[in-house]
Amino acid sequence: LAAQAQKRAASAMDVLADQIIQELSAPGEPHVCLLFATYAWADDLPVVARKLADRLPPTCVVYGAVASGIVATPTKTQEGNDDNMDVDGDGDGDKTSDANAQEIEHGDGDALSVSVLRLAPGGGVKVMWRRDAHSHESINSFPDMPHTGRGSCIPPTFERTILAADGPPRPGRSSCAAIIMGDDARASASLAEQIHAQIPSATISGGLCGGEGDASVVIARGGKGPHADPLPGGCSNGAAAIVLTGLGVAAPCISRGAKQIGDIYSVARIERQDHTVCPGHKSVSLAIHAVHNAETGGESPAMSALAALENRLGGLPNALWLGLRRKASGSGSSSEQRFELLNIEGHDREGGLYVQPQDGPSAFAENGDNEETEFECAFYTVNASASVEELHAAASHAGEQVRESQRAACEAERSASSTSTSKEEVVGTFAAGALAFLCCGRGARFHNHACSVDARALQRGFGVGAR
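The text that follows walks through the structure, step by step, so that each part is easy to find. (Residues numbered from 1 in each chain as written. Predicted model: local features only at pLDDT ≥ 70, side-chain atom pairs only at ≥ 80, totals over all residues. Heavy atoms only, no water.)

## Digging into the overall build of the protein chain
Then comes step 1: If you tally the helices and strands in the protein chain, you get nine helices and 20 strands.
Then comes step 2: Within the protein chain, the proportion of its 467 residues that are buried is 44%.
Then comes step 3: For the protein chain, contacts bridging at least 24 residues in sequence account for 75% of all contacts bridging at least 6. (Helix = DSSP H or I, 4+ residues; strand = E, 2+ residues; numbered from the N terminus. Buried < 20%, exposed > 50% of the residue type's maximum accessible area, 1.4 Å probe, protein only. Contact = heavy atoms within 4.5 Å.)

Shown next, in the form of structure tokens:
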């Protein structure tokens, strides 16, 4: 539900919550209620979350955040406006025939989006949250931990199980997904690393959020009467995650909006450097000293590759990253591996380039390499059309994964129950929906004010009816 609104009194919040629940008309009791709102709702977000939770079962959790914009597909009662007519979102000739997803960016109006999810039997829901160790709240809450020179500077991660899985995962439903939102990059990245360490197979998604209110992220437990909300009043200066287990498939769909420019170089000399930021926090940088020169057969400073690119293009783009990957060993092909995009931090006097992984799990965070490990690198910049193509292709692939998972789960359940199922019943359906996180301002600055290009590229890729 995408509802245009301003801040309201408490009584109006009740009316709004009733309207939202009625509009959603879930066929069964939901387990997750996702709530996203624009900046105008920052002060009221915990109230809205609590009002919604009052109308939901105790096995449901309301999880949401505030940001400068939202992405939503309107409900059927909202589909009469012109923005939901069949449109060709990016000029490729394809039109969507269902309600079109909308990106409401900063300046487009105040809005909130609410979606509900119901897990299959055997699914579980857990919430986690962590504050930034360097915030005033953490210093006051954990005076003996950081900042005194003793122990680690990482505050504890709090966990709360909302829905416990009733037994082992059902056949074909063993996937796990984690959604992280926070207004602090360090807390978000460390939470992602912790979840990745606990559940290596988990699909992790999310984004940075935050507004001018006291609550950037909210978590509220469903049900009226006495209850223990995991985060009363919401959370700022930190990050929170919701972990869903027992899924049929968790299909990630990622677009970096990046396009390779120039050649691929073999790295001749590379050095890893670990830096201690504070107790418990470390950062990694890589010094790429030299690359192999295909013309001379020798080595050249890494800066020479950047200079060659500048000469070829007549200048360097404002957005520039260095992609790095390990060369495939054995019979594998390096072209099948994606480059990890690293931030270019600077250079040294000898022409070496200093690069650093972005926040979150990185293939280069741990020192698992040796002298025989070989690397390749290439330069990347942003490209709008490449981003749309990548999104559409990734969504199409993810949609097929969903259909295959449904077919496999149906076959497994049929075998376990020894019941006969017609072939038609085993055919998987299109994905019902997707959760998307987009960088703020992509529509205005990346797609030149085109309307909802990214969201609709995803929608077309997933198939008919996806929201």
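After that view of the structure, there is still more to cover.
## What about the packing of aromatic side chains?
Then comes step 1: Counting across every chain of the model gives three aromatic pairs.
Then comes step 2: Considering the side-chain rings of Phe36 and Phe437, the 6.2 Å spacing of their centres and the 85 degrees angle between planes classify their relative orientation as edge-to-face. Residue Phe36 is found in strand S2 (residues 32-37), and its partner Phe437 is found in the loop between helix H7 (423-426) and helix H8 (442-446); the two are separated by 401 residues along the sequence.
Then comes step 3: Between Trp129 and Phe158 the ring centres are 5.8 Å apart and the planes differ by 20 degrees, which places this aromatic pair in the stacked class. Of this pair, Trp129 sits in strand S7 (residues 124-131) while Phe158 sits in strand S8 (residues 158-163), and the two are 29 residues apart along the sequence.
Then comes step 4: On the basis of relative accessible area, Trp129 is assigned to the buried category, the value being 8%. (Phe/Tyr/Trp six-rings, centres within 6.5 Å; stacked < 30°, edge-to-face > 60°.)

## Digging into helix H2 (residues 45-54)
Then comes step 1: Burial analysis of H2 places seven of its ten residues in the buried class, which makes it a mostly covered element.
Then comes step 2: All of the buried residues along H2 are Leu45, Val48, Ala49, Arg50, Lys51, Leu52 and Ala53.

## With respect to the pattern of salt bridges
For side chains of opposite charge, pairing can occur when their charged atoms come near one another.
Then comes step 1: Counted under the stated rule, the structure contains ten salt bridges.
Then comes step 2: A salt bridge links Asp263 to Arg312; its shortest N-O distance comes to 3.0 Å. Of this pair, Asp263 sits in strand S14 (residues 258-278) while Arg312 sits in helix H5 (residues 302-313), placing them 49 residues apart in sequence.
Then comes step 3: Using a relative accessible area of 38% as the deciding quantity, one classes Asp263 as partly exposed.
Then comes step 4: Among the salt bridges present, the one from Glu299 reaches Arg269, with a minimum N-O distance of 3.1 Å. Of this pair, Glu299 sits in strand S16 (residues 299-301) while Arg269 sits in strand S14; the two residues are 30 residues apart in sequence, bridging distant segments of the chain.
Then comes step 5: Exposure remark for Glu299: the relative accessible area of 46% places this residue in the partly exposed category.
Then comes step 6: Salt bridges linked by common partners bring Asp14, Asp18, Lys51 and Arg55 together as one network. (Salt bridge = Lys/Arg side-chain N within 4 Å of Asp/Glu carboxyl O.)

## Quick word on the sheet that holds strand S10 (residues 203-208)
Then comes step 1: One open sheet accounts for five strands, arranged S8-S7-S13-S9-S10; its pairing is mixed. At either end of the open sheet lies a strand with only one pairing partner, and these are S8 and S10. Sheet twist, expressed as the mean angle between neighbouring strand axes with direction ignored, is 15 degrees.
Then comes step 2: Sheet strands in contact with helix H4 (residues 185-198) are S7, S8, strand S9 (175-182), S10 and strand S13 (238-247), and its direction is about 140 degrees off that of S7. (Pairing = 2+ DSSP bridges. Axes fitted to C-alpha atoms, helices over the stretch in contact; angles between N-to-C directions.)

## What about the pairing of S2?
Then comes step 1: The buried fraction of S2 is high, at six of six residues.
Then comes step 2: Covered by surrounding structure in S2 are Val32, Leu34 and Phe36 together with Cys33, Leu35 and Ala37, the residues of both alternating faces.
Then comes step 3: Two elements, S2 and strand S3 (residues 61-66), share six bridges in a ladder whose sense is parallel. Directly across from Ala37, in S3, lies its bridge partner Val66.
Then comes step 4: Once the chain exits S2 it traverses H2 before rejoining the sheet at S3, and the crossover so formed is right-handed.
Then comes step 5: Where S2 lies against strand S6 (residues 111-117), six bridges are found, and the strand directions are antiparallel. Looking across to S6, one finds that Ala37 is bridged to Leu112. (Right-handed = clockwise from strand over helix to strand, strands pointing away.)

## Side note on the nonpolar core
Nonpolar side chains tend to gather and get buried jointly when the protein is soluble and globular.
Then comes step 1: Residues Val61, Tyr63, Val125, Ile219 and Ile242 are the most contacted members of the largest nonpolar core, which totals 29 residues.
Then comes step 2: Elements that contribute at least two residues to this core include exactly S2, S3, S7, S8, S9, strand S11 (217-221), strand S12 (231-235) and S13.
Then comes step 3: The leading source of residues in this core is S13, at four residues.
Then comes step 4: Discounting chain neighbours no more than four positions away, the residues touching Ile219 are Val61, Val62, Tyr63, Val127, Trp129, Asp229, Pro230, Leu231 and Ala240.
Then comes step 5: Core analysis: the next-biggest nonpolar cluster, separate from the first, contains 24 residues, Met13, Ala37, Cys60 and Val218 among them. (Core = buried A, V, L, I, M, F, W, Y, C linked by side-chain atoms within 4.5 Å.)

## Examining the state of the cysteines
Then comes step 1: Evaluated as defined, the whole model comprises zero disulfides.
Then comes step 2: This cysteine, Cys60, is not joined by any disulfide, and Cys33 carries the nearest cysteine sulfur, 5.8 Å off. (Disulfide = S-S within 2.5 Å.)

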